[in-house]
2 protein chains.
Amino acid sequence: MFAYNLDHVALAVRDLETALDDYDRLFGAKAMYREVVSEQGVEEAMIAVGGSFVQLLQPLHPDTPVGRFIESRGEGMHHIAFAVADIDAALAHLKAEGSRLVDEEPRVGGRGARIAFVHPKAFAGTLVELVESSS
Amino acid sequence: MFAYNLDHVALAVRDLETALDDYDRLFGAKAMYREVVSEQGVEEAMIAVGGSFVQLLQPLHPDTPVGRFIESRGEGMHHIAFAVADIDAALAHLKAEGSRLVDEEPRVGGRGARIAFVHPKAFAGTLVELVESSS
């Protein structure tokens, strides 16, 4: 088993500027980080909430995973991300349990972290991301 | 503006026992609380993750908000809940900003907390719950 924490909750939005303005106006917080992650086809903003983040994801193009998500389901909650100390151990554990994975091996995500997605079929319809922070 | 924290991320599941078993097996944590909240038509389990919770929601009947959610969208992420110190002030702020609310006034939720839901149209398609803890 692996130690973990709640890294972020990701929300897919059509327009990052509008969502950031709304978030600040309604809930009173601004983005701490903002980054284009070309490999994932998104521009993302991280808003600190307690010890975790709300992550806003705007697709760079309609033909990206988040773009297709919005097209089929609309804006809204996209995935939940757990911070793990050792993503290789976490993936090995999930493989041993027979979980369906999106990423068999870690890849590089926002903030230079090593990340991997676990298929929604592995856990009750929810897309789960594992994050091993680079810091 | 109001101080807040991330209270929980709620996932709608068809079967709480299966989801709890899967969660424990895959991510290594058990429920800290479990409660039937008849007013909301759910049985809920709270799994501590860092300083927040993952909340698993099983509808008590198909004809409940969470039951209809699963029927139309399948299992998956349902809402995000922010802990606020003063839910009356938070609701007053959202009303002043013109946000569409599900609950105009707070009602009693799990663990005796005062809660209110904000309509997904208020913030980029995500259903937001405000929670003023009773402790």
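Here, every reference points to the structure presented above.
The structure contained in this document is the topic of the report that follows. (Residues numbered from 1 in each chain as written. Chains lettered and ligands numbered in written order. Predicted model: local features only at pLDDT ≥ 70, side-chain atom pairs only at ≥ 80, totals over all residues. Heavy atoms only, no water.)

Concerning unusual backbone geometry
All names here are of chain A.
Okay, so step 1: Residue arginine 111 is not a glycine yet carries a positive backbone phi of 60 degrees.
Okay, so step 2: Examined against the element boundaries, arginine 111 turns out to sit in the loop between strand 6 (107–108) and strand 7 (114–118).
Okay, so step 3: Given a relative accessible area of 29%, arginine 111 falls into the partly exposed group. (Helix = DSSP H or I, 4+ residues; strand = E, 2+ residues; numbered from the N terminus. Buried < 20%, exposed > 50% of the residue type's maximum accessible area, 1.4 Å probe, protein only.)

A closer look at the interface of chain B and chain A
For an interface, size is often stated in terms of accessible area lost upon the parts coming together.
Okay, so step 1: At the interface, 44 residues of chain B touch 44 residues of chain A.
Okay, so step 2: Buried surface at the junction of chain B and chain A, summed over both partners, amounts to about 3,600 Å²; 68% is from carbon and sulfur atoms.
Okay, so step 3: Taken as a group, Phe27, Met77 and Phe123 of chain B account for 22% of the area that chain B buries against chain A, more than any other trio of residues on that side.
Okay, so step 4: At the surface where chain B touches chain A, the tally comes to 2 salt bridges.
Okay, so step 5: Between glutamate 97 of chain B and arginine 25 of chain A there is a salt bridge, and its shortest N-O distance comes to 2.9 Å.
Okay, so step 6: For the interface between chain B and chain A, the tally reads 7 residue pairs in polar contact (both at pLDDT 80 or more).
Okay, so step 7: Secondary structure elements with two or more residues in the side of chain B that touches chain A: strand 1 (4–12), helix 1 (16–27), strand 3 (42–49), strand 4 (52–59), strand 5 (76–84) and helix 3 (87–96) of chain B. (Contact = heavy atoms within 4.5 Å. Buried area = accessible area lost by both parts, 1.4 Å probe. Salt bridge = Lys/Arg side-chain N within 4 Å of Asp/Glu carboxyl O. Polar contact = N/O pair within 3.5 Å; in protein donor to acceptor, adjacent residues only side chain to side chain.)

Topic: the pattern of salt bridges
Okay, so step 1: A complete count under the given rule lists 24 salt bridges over all chains for this structure.
Okay, so step 2: A salt bridge links arginine 68 of chain B to aspartate 63 of chain B, with the shortest nitrogen-to-oxygen separation between them at 2.6 Å.
Okay, so step 3: A relative accessible area of 44% means that arginine 68 of chain B is categorised as partly exposed.
Okay, so step 4: Linked by salt bridges that have partners in common, Glu17, Arg34 and Glu43 of chain A make up one network.

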